[in-house]
Amino acid sequence: MNALDIRHITKVFSNGVKALDEVSFALPSKSIGALIGPSGSGKTTLLRCVAGLEQADGGTIAIQSKPVFDKQTSINPSDRQVGFLFQDYALFPHLTVEQNVRFGISKLSKQVQNERIHKYLSLCSVEHLTHRYPHQLSGGQQQRVALARALAAEPTLLLLDEPFSNVDETLKQQMRLDMAEVIHQCGISALMVVHDVKDAFAIASHIGVLADGKLHQSGSPAELYRHPKTAEVARVTGEVNVLHGTTKQDGFECVLGTLAHAHGQAAGKEIELMLRPEHLTLKSNGEWKVSSVLFAGASRSVRCRKGMHSIDVRVEINAGISVGDLVGIELNLGHSELCWVRR
């Protein structure tokens, strides 16, 4: 059983802009999923449609196989058993941490309220902040309190809109891991919208890539990174060189020359090759001029130019490469890793 099934969801705003165009996405039970894509791609709109905060214009949404939206059904947000963590956390400034968490479960008995407040504040490691107000908390602490509040209602599905956007970069890695651990401990599924692909790759097992209101591809982080089906997916999931070329009888012709690769297409078809910087290697004495060498931690990012063309290559940190060097560029990967699409 999937935790979430989205099929052919369409959403058109009053100004005529189509925010979502026949989007379908499935999230396996007890897993963490992510929606990524450029600004304006429809990620948050889709999340809000799942929560019921936006009304879709067509399609179906089911949570744990229970329809919550279709032609005959539109269940209220409060009845969808969904928790929502807003981008700004939406904590009430006049309420303490304890009161904020209690607010969402006020219809339960006092004993159950107290038990859940203690359980989820402890689970999110903020039980010592019970009597503080939101303005007395750091960004990371506010996020944990907002997460505890969302979990206290014990939803079937947790939705998170840009949960790491207000967290300091130095704390983000630990925050991601902590959040994933809490979600898994609760035994629920979660779907988050993120802007930084590193956030998705760090904790999501299933990712959907949206662009211009359409779902271009979904799958595991490794699938999307290694085998992108479109140039848009390749760009969203990491650094990539997209090279225009044509098919030859037994390969491709592009600015790097002729690349041998079986493709099953007739010769002369226009294609786009998608090569990650680490899939290329530099050799001495070539026609490409090194225009920049940037420190990238354990490696260096080298940009090479030839005429109007530029290509980025990842090299070892101790590689003897300097700006102005003339180099050659060749593939450093198996043919099975060569990704391409028809133009």
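So, here is what we can say about the structure in this document. (Residues numbered from 1 in each chain as written. Predicted model: local features only at pLDDT ≥ 70, side-chain atom pairs only at ≥ 80, totals over all residues. Heavy atoms only, no water.)

With that out of the way, let us pick up the side chain of Ser41. Following the sequence through the fold, Ser41 ends up in the loop between β3 (32–36) and α1 (43–51). A distance of 2.8 Å separates a polar side-chain atom of Ser41 from the backbone oxygen of Pro38. When sequence neighbours within four positions are dropped, the list of residues in contact with Ser41 reads Ala19, Leu210, Ala211, Asp212 and Gly213. (Helix = DSSP H or I, 4+ residues; strand = E, 2+ residues; numbered from the N terminus. Polar contact = N/O pair within 3.5 Å; in protein donor to acceptor, adjacent residues only side chain to side chain. Contact = heavy atoms within 4.5 Å.)

This paragraph deals with the packing of aromatic side chains. Under the definition given, this model contains 4 aromatic pairs. With 6.4 Å between their ring centres and 85° between their planes, Phe201 and Tyr225 make a pair best called edge-to-face. Here the residue Phe201 occupies a position in helix α6 (residues 197–203), and Tyr225 occupies one in helix α7 (residues 221–226), the gap between them amounting to 24 residues. On the accessibility criterion, Phe201 (28% relative accessible area) is partly exposed. Centre to centre, the rings of Phe252 and Trp340 are 5.3 Å apart; their planes meet at 55°, and the pair counts as tilted. One end of the pair, Phe252, is in strand β12 (residues 251–254); the other, Trp340, is in strand β19 (residues 339–342), and 88 residues separate them in sequence. (Phe/Tyr/Trp six-rings, centres within 6.5 Å; stacked < 30°, edge-to-face > 60°. Buried < 20%, exposed > 50% of the residue type's maximum accessible area, 1.4 Å probe, protein only.)

Let us look at the pattern of salt bridges. This model, assessed by the stated rule, comprises 16 salt bridges. As a salt-bridge pair, Glu98 and Arg102 come within 2.7 Å of each other at their nearest N and O atoms. Of this pair, Glu98 and Arg102 are both found in helix α2 (residues 97–103), 4 residues apart, which corresponds to roughly one turn of the helix. The closest approach of N and O atoms between Lys119 and Glu154, which form a salt bridge, is 3.9 Å. With Lys119 in helix α3 (residues 110–123) and Glu154 in the loop between α4 (139–152) and β7 (157–161), this pair connects stretches of sequence that are 35 residues apart. On the accessibility criterion, Glu154 (38% relative accessible area) is partly exposed. Residues participating in the shared-partner salt-bridge network are Lys172, Arg176, Asp196, Lys198 and Asp199. (Salt bridge = Lys/Arg side-chain N within 4 Å of Asp/Glu carboxyl O.)

For the rest of this paragraph, the subject is the sheet that holds strand β16 (residues 299–306). Reading across the sheet, the 4 strands line up as β17-β16-β15-β18 and stay open at both edges, with antiparallel pairing between neighbours. Edge positions in the sheet fall to β17 (309–316) and β18 (326–331), since each of these pairs with one other strand and no more. Between one strand and the next, the sheet's axes are offset by a mean angle of 55°, whatever the strand orientation. (Pairing = 2+ DSSP bridges. Axes fitted to C-alpha atoms, helices over the stretch in contact; angles between N-to-C directions.)

Moving on, we come to α3. Across its 14 residues, α3 extends 20 Å between first and last C-alpha, which sits within 8% of the 20 Å expected from 1.5 Å per residue. Of the positions making up α3, those classed as buried are Gln113, Arg116, Ile117, Tyr120 and Leu121. The buried residues of α3 occupy an angular sector of 115° when projected down its axis, which confines them to one face. In α3, the exposed positions angled more than 90 degrees off the buried face are occupied by Gln111 and His118. In this fold, the buried residues of α3 make contact with α2, α4 and α5 (169–186). Count one or two residues on from α3 and you reach Ser125, which has phi positive near 60°. (Expected span 1.5 Å × (residues − 1). Arc of directions from axis to C-beta.)

This next bit is on the pairing of strand β4 (residues 58–63). Both strand β1 (residues 2–12) and β4 contribute to a ladder of 5 bridges, which runs antiparallel. The residue bridging Thr10 from the neighbouring strand is Gly58, located in β4. Where β4 and strand β5 (residues 66–69) come together, 3 bridges link them in antiparallel fashion. Bridge pairing links Ile61 to Phe69 in β5. Connecting the antiparallel pair β4 and β5 is a turn made up of 2 residues, with Gln64 showing a positive phi of about 55°.

What follows covers the nonpolar core. When a protein is soluble and globular, its nonpolar side chains tend to lie buried together. Residues Leu151, Leu158 and Met192 are the most contacted members of the largest nonpolar core, which totals 44 residues. If you tally residues by element for this core, the top one is α4, at 7 residues. When sequence neighbours within four positions are dropped, the list of residues in contact with Leu151 reads Tyr120, Cys124, Leu158, Val182, Cys186 and Ile188. (Core = buried A, V, L, I, M, F, W, Y, C linked by side-chain atoms within 4.5 Å.)

A few words on the environment of Lys198. Assignment of secondary structure puts Lys198 in helix α6. Relative accessible area serves as the criterion here: at 48%, Lys198 is assigned to the partly exposed category. A sequence separation of 39 residues divides Lys198 from Thr237, and the C-alpha atoms of the two residues are 8.6 Å apart.

Despite not being glycine, Glu22 has its phi angle at roughly 55°, a positive value. Along the chain, Glu22 falls in strand β2 (residues 18–28).

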